[in-house]
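# Examination of the molecular architecture
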Amino acid sequence: MNRLITLPQLTAGSDLAFLAMRIAVGSFLVWGVWDNITSAEHMATFVTFLRQFGFPAPELLAPFDVWVQFGIGVSFVLGLATRWAGLLCAVNFVIAIVMVDHLQGWRGSFGSMCLVVIGLVLATHGPGRYALDARLAGR
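Notes on the structure in this doc start here.

The rules behind these values
Along every chain, residues carry numbers that run from 1 in the direction the sequence is written. Local features in a predicted model are, by the rule used here, given only for residues with pLDDT of at least 70; side-chain atom pairs are given and counted only at 80 or more, and totals for whole chains, interfaces and linings are based on all residues. Side-chain numbers come from the whole structure's heavy atoms, not from hydrogens or water. Segments assigned H or I by DSSP are reported as helices when at least four residues long, segments assigned E as strands when at least two residues long, and all are numbered from the N terminus. The cut-offs for exposure are 20% and 50% of the maximum accessible area for each residue type, with area from a 1.4 Å probe on protein chains only; residues under the lower value are buried, those over the upper are exposed, and the others partly exposed. Contacts are assigned to residue pairs that have any heavy atoms within 4.5 Å of one another. Within this scheme the basic residues Lys and Arg register as positive and the acidic residues Asp and Glu register as negative, but His and the chain ends are omitted. For this purpose, a charge sits on NZ of Lys, CZ of Arg, CG of Asp or CD of Glu. Only buried Ala, Val, Leu, Ile, Met, Phe, Trp, Tyr and Cys residues count toward a nonpolar core, and they belong to the same one when joined by side-chain atoms within 4.5 Å. In this analysis a 1.4 Å probe is tested at points of a 1 Å grid over the protein atoms alone, and where it fits but cannot get out there is a cavity; an open set with protein on both sides within 12 Å along at least five of seven lines is a pocket; lining residues have an atom within 4 Å of a point. Grid points are joined across faces, edges and corners, and a volume is the space filled by probe spheres set on the points. Paired rings are identified among Phe, Tyr and Trp, the last through its six-membered ring, by centres lying within 6.5 Å, and are further divided according to the angle between planes into stacked (under 30 degrees), edge-to-face (over 60) and tilted (the rest).

### Some words on the overall build of the chain
Within the chain, the secondary structure is distributed over seven helices and zero strands. Ordering the α and β elements of the chain from the N terminus gives α-α-α-α-α-α-α. If one aligns the C-alpha atoms of the chain with their principal axes, the spans along those axes are about 55 × 35 × 20 Å. Residue burial in the chain is summarised as follows: out of 139 residues, 37% are buried. Taking all contacts inside the chain whose residues are at least 6 apart in sequence as the whole, residues at least 24 apart take part in 66%. Computed over 8 positive and 7 negative side-chain charges, the separation of the two mean positions in the chain equals 18 Å.

### Comments concerning the nonpolar core
Counting 16 residues, the largest nonpolar core has V25, L29, I72, F76, C89, F93 and L115 as the members making the most contacts within it. If you list the elements that add at least two residues to this core, you get helix 2 (14-38), helix 4 (58-78), helix 5 (82-99) and helix 6 (105-125). With six residues, the single largest contributor to this core is helix 5. With ten residues, the next largest nonpolar core counts F46, F55, V66 and F70 among its residues.

### Focus: the layout of surface pockets
In this structure, the largest pocket occupies an estimated 690 Å³ of space. Lining of the largest pocket is provided by 26 residues; of these, F46, D65, Q69, N92 and F93 occupy positions nearest its centre. Those elements giving two or more residues to the lining of the largest pocket turn out to be helix 2, helix 3 (40-52), helix 4, helix 5 and helix 6.

### Brief notes about the environment of G119
With respect to the helices and strands, the residue G119 is situated in helix 6. Along the sequence, G119 and A85 sit 34 residues apart, while their C-alpha atoms lie 7.3 Å from each other. Residue contacts for G119: discarding those within four places in its chain leaves G86, L87, C89 and A90.

### As for the packing of aromatic side chains
The tally for this structure, following the rule as stated, stands at five aromatic pairs. When the centroid spacing of 6.2 Å and the interplanar angle of 15° are considered together, the rings of F46 and F49 count as stacked. Placement of both F46 and F49 in helix 3 is noted, with a separation of three residues, approximately one turn of the helix. When its relative accessible area of 17% is taken as the criterion, F46 is described as buried. The class for F49 is partly exposed, based on a relative accessible area of 31%.

Any functional reading would require information that these geometric values do not contain.
See below:
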């Protein structure tokens with residue numbers, strides 16, 4: 001009965017689940033900032049957005065944040081420096097919640113909350129076996 005409730009056999013798929021999560025979330029983060037990287041007009045819109053919500057030095061912060069999110073996404077996909085990327089992801093999206101998303105309530109904050117939690121999971125558990133981090137660690 002215990003095995004039926006706890007399903008320990010599913011742990012055999014945890015590395016594939018981490019791989020799927022990293023690829024999905026990392027790709028989403030890269031896709032989410034790609035327009036800002038490739039278009040000065042989109043970056044200018046993001047600067048205006050940050051200014052509207054009272055972020056300091058939006059002209060500097062906008063490209064910095066875009067490149068941080070891009071780096072986090074690439075890191076997640078590759079499974080490289082994943083724990084650091086997880087920490088950065090969590091911090092980045094806590095700031096998004098505090099500065100912007102909380103104004104939209106629970107539903108409006110949910111995406112950022114999920115990214116905080118995913119970042120914390122990857123920071124604390126690592127990327128799984130199918131990652132460059134695992135290769136660097138000799139596994």
